[in-house]
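What the coordinates show
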Amino acid sequence: MNKYFIISFFFLSLTLAYSQSHNVDPLILLDSLNIHYQEVKTGVYEINYRENSTRFLNLNPFNSNINNVFQTDSTIIDLGTIDTSLYSHMYSYNQSVVDLYNGEFDPGIPLIGDVNQNGRNELYGFISANASPEVDYETIVFELDSDNIFRLIKTYPKQTQKARNIVDIDGDGSEELHLLTIIIDTSISAIVHKQTFYKKPAGDSLATVLDFEYVPYYNENSQLNNFTFGDFDNDGITDCAYISFPPGTGHFIIGEYNNYDNQIDSVFGYVLDDYTAGFTIGDLDLDNKQEIIMSDINGIVYLFEVEADNEYSLTWEGSVNTLNAYWHMKTDDIDKNSKPEFWVGGQFFPNSGPPIVRLTCFEIGRASCRERV
């Protein structure tokens, strides 16, 4: 990003407030779900999910003026009283599929694709009722059949705990399936996260053949979050972005697929101050260079931009008026001013009352154009 480009304003803050009936202590909720946690510093908790993944949550009291965030326009939605019937005509019930999960965060929704290219969608995930607290999860695949019913067609090996991506990583025109595999290695007394990639044995098949594994840290710090693919620097080679978090900090990493070694090489790294999640990725300032946005447990927002082939730089750092700012999305010019928007969301817990989810919308503008929308 050129130096004269900055984040020029917040233009909307959208607050989702739960009604008093939803005023539940989050630690009590975690206890009820049998999810383990521990306080690692005052008000900050390490949460250990059943599928052997970890995240951090800041539960410190957070005072915030809901109606006057950065002097921007604000909208408050009470999720307990909102009239959803206004939107009932937009959706219709289709069918119930089994209790299919895809991890408890990052995100937990099933992965959808058509890897075997037969024109019928596949759903990738696991059935939580079949898994124990150890590494007994296995990724399964349901496909929509000719009767418009999703039926089980494939079970991957045990310990494949999350279907992360469907991507043509090697650029050969055939998609690979990216699964997270988690093992317990007793020789080093550690739970190890492996990024496993399966390829297709034929054009009309599922991706069933293990192609390669990516494990940059073979130790207890091997968890990689928000694993995202793209061609960020427009060089025709697949890139990936992810966040790792050794104790006390986090690392933002950009990798590039190496066709010669059939492996991913790290090409950029940045040490973050605290537990961070992402991403929004896109050309948000319309300069033909992509931006990569992430934010952290304290509401700090980072914006990186592609400078050249395999070159990236931090070009802006700001904040949002919330904690646990782990949610990201982008919209395509919803206010019709010829600029795309990106959103950062998080949840905080006021001194009194129910938890609040706040989404803040940004645009990128020139230093000479700081007008609010």
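Right above here is the structure, for reference.
Residues numbered from 1 in each chain as written. Predicted model: local features only at pLDDT ≥ 70, side-chain atom pairs only at ≥ 80, totals over all residues. Heavy atoms only, no water.

**Describing the sheet that holds strand E11 (residues 160-167)**
What the four strands build is an open sheet, ordered E11-E12-E13-E14; its pairing is antiparallel. Two strands in the sheet have a free side with no partner beyond their single neighbour: E11 and strand E14 (209-214). If you compare each strand with its neighbour and ignore which way they point, the axes differ by 30° on average. For E11 and strand E12 (residues 176-185), the ladder comprises six bridges, and the chain directions are antiparallel. The residue bridging Asn165 from the neighbouring strand is His178, located in E12. (Pairing = 2+ DSSP bridges. Helix = DSSP H or I, 4+ residues; strand = E, 2+ residues; numbered from the N terminus. Axes fitted to C-alpha atoms, helices over the stretch in contact; angles between N-to-C directions.)

**What to know about the sheet that holds strand E16 (residues 239-244)**
With respect to topology, four strands assemble into an open sheet ordered E15-E16-E17-E18, the strand pairing being antiparallel. With partners counted over all chains shown, the strands left at the sheet margins are strand E15 (224-230) and strand E18 (263-272), one partner each. Between one strand axis and the next, the sheet turns through 20° on average, direction left out of account. Two strands pair when backbone bridges link them, and strand E17 (residues 250-258) and E18 are joined in this way by nine bridges, in the antiparallel orientation. If you follow Asn258 over to E18, its bridge partner there is Gln263.

**Some words on unusual backbone geometry**
Excluding glycine, residues mostly carry a negative phi; peptide bonds, for their part, are mostly trans. Looking along the chain, the bond that leaves Gly278 and enters Phe279 is cis, with omega of 5°. Along the chain, Phe279 turns up in strand E19 (residues 276-282). Unlike most non-glycine residues, Asp333 shows phi in positive territory, near 60°. Residue position: Asp333 is located in the loop between strand E23 (327-331) and strand E24 (341-348). Of the residues examined, Asp333 reaches a relative accessible area of 14% and is grouped as buried. (Buried < 20%, exposed > 50% of the residue type's maximum accessible area, 1.4 Å probe, protein only.)

**Overview of the nonpolar core**
Among the nonpolar cores identified, the biggest contains 15 residues, and Phe232, Phe252, Ile254, Phe279, Ile292 and Met294 are the most heavily contacted of them. For this core, the secondary-structure elements that each account for two or more residues are E16, E17, E18, E19, strand E20 (291-296) and strand E21 (300-308). A total of three residues in this core trace back to one element, the largest contributor, which is E21. In this structure, Phe252 is in contact with Ala241, Tyr242, Phe268, Gly269, Tyr270, Leu272, Phe279, Ile292, Met294 and Phe304, ignoring residues within four places of it in sequence. In terms of nonpolar packing, the next biggest core, distinct from the first, is built from 13 residues, Phe197, Phe212, Ile253 and Tyr257 among them. (Core = buried A, V, L, I, M, F, W, Y, C linked by side-chain atoms within 4.5 Å. Contact = heavy atoms within 4.5 Å.)

**A short note on the pairing of E15**
Successive residues of a regular strand alternate their side chains across the two faces of the sheet. Across the seven residues that make up E15, a large majority, five, are buried. Relative to E16, E15 runs antiparallel, the two being bridged by five bridges. Bridge assignment links Asn225 to a residue of E16, and that residue is Ile243.

This is a description of form; function is not addressed.
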